[in-house]
Amino acid sequence: MSPRPDLGPKPTLGYTDSRIARAAEKRTDEAALRVFAQDPRAAAYVIGGEHIVMKQGAPLNDPLFTLAQARALEGATETVFLGLMDGAPRFGFGVTPATAEALKERDGFHVRDLRSIAVQGLVAPEHLAPIAEAKAVLHWHARHRFCSNCGAATQPVQAGWRRDCPQCRGQHFPRTDPVVIMLAVDGDNCLLGRSPRFMQSMWSCLAGFVEPGESIEDAVHRETKEEAGITCGRVVYFRSQPWPFPTSLMIGCHAEAITREVVVDRDELEDARWFSKDEVIAMLQGRHPQGLTTPPPVAIAYHIIRAWIDGEIGFD
Ligand SMILES: [Zn+2]
């Protein structure tokens, strides 16, 4: 047996381990919400579509604004009560994408997309989970202004966690879309694929949306079969990750491959093939002869792949 490779300390998974206590029982408590809004420790993440607005700093930017600072910006949309961080109220403050775009030119501001912020570490890591929470809910508001039942304009209620229809009395809740993301393994080999959207060198786990009426296991089986022609047996849940692009929940799994022949669905993937453990270790260590890489540690795919290399999972 070869010695365990040195892959360095295990990095944290982005957007997880939120320090926010959501205090959901306060969402209907107007008096408590007023007190929160006036709390001198209250602060908001300002988000315009894909753009996260920050106060420029070095080396880290500050993504928190006082509510007064946020309200002074033009183009406000919804405000969402995210919860309490160490007792301090936190809000998601929506602005139009055009407002966020314009702030790129303003001194003292730094405006970037969340993927870049997470991968490049542009804010302190504790901010990633609440920004993900705010971005996902604000995106839902932007896309659900009208009742899906009767078409009337809806109104945000419950501190931004529900929209109500005044016409048919329908209540609408923020949605989360489950996605299975899995590493199919066969002994010392694993199946990786490439989406045409990926960076040129990157290979990753296969993934796909869970469909209505489908279990996580069924979705893993179906997606692996559809995208790469591989039949899987046992499926083991690993961990999950909110993925606010725009509102997914990634459900990480390992799956036991019981067939070997890869048949790539070229509508979904650019390519898929088997990788040996040695090849994957070279990718994780940044010394693959063709320069191939795995996704960065902010993404759950890195952790799914690494857990298999670290020997935490196997189907022997
Ligand atoms: Zn309605």
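Above this text you will find the structure in question.
Not measured: the values here are computed from a predicted model.

> How should I be thinking about the pairing of strand β2 (residues 43-48) in this particular structure?
Residues in a regular strand point their side chains to alternate faces of the sheet. Of all 6 residues in β2, 6 are buried, a share of seventy percent or more. Residues Ala-43, Tyr-45 and Ile-47 line one face of β2 and the alternating positions Ala-44, Val-46 and Gly-48 line the opposite face, and both faces are buried. Looking at chain direction, β2 and strand β6 (residues 88-95) are connected through 5 bridges and run parallel. Among the inter-strand pairings, Tyr-45 is bridged to a residue of β6, identified as Gly-92. Bridging between β2 and strand β3 (residues 51-55) involves 3 bridges; their strand directions are antiparallel.

> What should I look at first to understand the layout of surface pockets in this one?
It is a probe the size of a water molecule, rolled over the atoms, that shows where empty space is left. Approximately 1,100 Å³ is the volume attributed to the largest pocket. Along the wall of the largest pocket there are 37 residues; nearest its centre are Arg-115, Arg-197, Phe-198, Trp-243 and Met-250. At the level of secondary structure, the elements contributing two or more residues to the lining of the largest pocket comprise α4 (114-120), β11 (177-186), β12 (189-194), β13 (206-209), α6 (216-228), β14 (232-243), β15 (248-257) and α8 (300-309). With 4 residues, the single largest contributor to the lining of the largest pocket is β13. Among the residues forming the lining of the largest pocket, the class breakdown is 21 nonpolar, 9 polar and 7 charged.

> What is the right way to look at the environment of Gln-69 in this model?
On the secondary structure map, Gln-69 appears in helix α2 (residues 67-71). We classify Gln-69 as partly exposed; its relative accessible area is 33%. Through-space distance from the C-alpha of Gln-69 to that of Arg-115 is 25 Å; in sequence the pair is 46 residues apart. Separated by 3.0 Å, the side chains of Gln-69 and Lys-55 make a polar contact. Among the polar contacts made by the side chain of Gln-69, one reaches the main-chain amide nitrogen of Thr-66 at a distance of 2.8 Å.

> Quick question: what am I supposed to make of the packing of helix α7 (residues 277-284) against α8 here?
Relative placement of two packed helices is described by the angle separating their axes and the distance separating the axes. Closest axis-to-axis distance for the α7/α8 pair is 11 Å, and the angle between their directions is 130°. Considering their axes alone, α7 and α8 lie oblique with respect to each other. In this structure, α7 meets α8 at a crossing whose hand is left-handed. Touching Lys-277, Val-280, Ile-281 and Leu-284 of α7 are Tyr-302, Ile-305, Trp-308 and Ile-309, all from α8. Here the residues of the contact of α7 with α8 sort into 7 nonpolar, no polar and 1 charged.

The rules we used
- Residues numbered from 1 in each chain as written.
- Predicted model: local features only at pLDDT ≥ 70, side-chain atom pairs only at ≥ 80, totals over all residues.
- Heavy atoms only, no water.
- Buried < 20%, exposed > 50% of the residue type's maximum accessible area, 1.4 Å probe, protein only.
- Helix = DSSP H or I, 4+ residues; strand = E, 2+ residues; numbered from the N terminus.
- Pairing = 2+ DSSP bridges.
- 1 Å grid on protein atoms, 1.4 Å probe; cavity = no way out; pocket = protein on both sides within 12 Å on 5 of 7 lines; lining within 4 Å.
- Points joined across faces, edges and corners; volume = space filled by probe spheres on them.
- Nonpolar A, V, L, I, M, F, W, Y, C, P; charged D, E, K, R; others polar.
- Polar contact = N/O pair within 3.5 Å; in protein donor to acceptor, adjacent residues only side chain to side chain.
- Axes fitted to C-alpha atoms, helices over the stretch in contact; angles between N-to-C directions.
- Parallel < 35°, antiparallel > 145°, perpendicular 65-115°, else oblique.
- Left-handed = near helix turned anticlockwise from the far one by under 90°.
- Contact = heavy atoms within 4.5 Å.

Geometry only, nothing functional implied.
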